[in-house]
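# Structural overview for review
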Amino acid sequence: MTADAPVAAVGAVAPVAPAASRRVADHLRTEILGGAIGPGERVRQEDIAQRLGASRLPVREALRMLEAEGLVEHEANKGARVPRLSMHEVDVMYRMREQLEPLALTESLPLLEDSDLDRLAALQDEIEAGVDISRFLELDREFHLGTYAGCPIEQLTATVVRLWNATQHYRRAFMQLTGPGRMWVINAEHRLLLDAVRRRDDVDAGRFLAGHIRRTRIELSHHPAVFGGLP
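Residues numbered from 1 in each chain as written. Predicted model: local features only at pLDDT ≥ 70, side-chain atom pairs only at ≥ 80, totals over all residues. Heavy atoms only, no water.

## Some words on the environment of Pro18
One can find Pro18 in helix H1 (residues 18-33). In this structure, the C-alpha to C-alpha distance between Pro18 and Pro58, residues 40 residues apart in sequence, is 7.6 Å. (Helix = DSSP H or I, 4+ residues; strand = E, 2+ residues; numbered from the N terminus.)

Structure (structure tokens):
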């Protein structure tokens, strides 16, 4: 085990270097969002510390950060694991998204820069050019969260990101089941949303966004295999 900072005095607790915790959190976040660590899997401090060459203190702090982001949960006497959600839980989270994301978008629109809009258009161009599922999930996440980038209400944006994090696995599984056949719908909805964002029309943008989220929620309900048999 390596020390992250010198001990100031005998019996004092060495402060955890924030950079070390962020490095561990970034690595685990990428693995969880990318599907390398799936729902229900344990995230053991000892294993992570050994694999990343870190002490247990920054690993522990990193897990606290990821818990706040909705990527792991802590079970008493068992440690951390990636949450496994039922179909009903995911349905409720999507209903929350239908309400919260149009609000975040409304707050964001007046503060988006032209450069932000150009980036959104570039992301959609890349999606339409044809990408694999992993890359689509990255681009789709950046596209939607990018539309909320101007929202100054941190509590709102943090909740939105937490909901995205919690449901990432189920979006991936859904895309793997449905394949590229439904991409034309996603692209059409993204283009409608992007047009409304460029016009700074919060009514149209909110309506298109809510419909986009609702359609995914309804289609997910037709694929119980995504949830591993959990009702």
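## Looking at the nonpolar core
Of all hydrophobic cores here, the largest spans 41 residues; its most connected members are Val90, Leu105, Phe136, Met175, Leu193, Val197 and Leu220. Listed by contribution, the elements that provide at least two residues to this core are helix H4 (87-108), helix H5 (114-129), helix H6 (133-147), helix H7 (154-178), helix H8 (183-198) and helix H9 (202-220). With 9 residues, the top contributor of residues to this core is H7. Sequence-distant contacts of Val90, that is, excluding residues within four places in its chain, are made with Leu85, Thr167, Tyr170, Leu220 and Phe227. With 19 residues, the next largest nonpolar core counts Leu33, Ile48, Ala49 and Leu52 among its residues. (Core = buried A, V, L, I, M, F, W, Y, C linked by side-chain atoms within 4.5 Å. Buried < 20%, exposed > 50% of the residue type's maximum accessible area, 1.4 Å probe, protein only. Contact = heavy atoms within 4.5 Å.)

## A look at the confidence of the model for the protein
In this model, the protein carries an average pLDDT of 86, and 91% of its residues clear a pLDDT of 70 or more. Note that pLDDT drops below 50 for residues 1-17; the model gives that stretch 19 contacts with residues more than four away or on any other chain. (pLDDT = per-residue confidence, 0-100.)

## A word on the side chain of Ser108
If you trace the backbone, Ser108 turns up in helix H4. Residue classification places Ser108 among the buried positions, given a relative accessible area of 0%. Here Gly150 takes part through its backbone nitrogen, which lies 2.9 Å from a polar atom of the side chain of Ser108. Ignoring any residue separated from it by four or fewer positions in sequence, one finds Ser108 in contact with Thr147, Tyr148, Ala149, Gly150 and Cys151. (Polar contact = N/O pair within 3.5 Å; in protein donor to acceptor, adjacent residues only side chain to side chain.)

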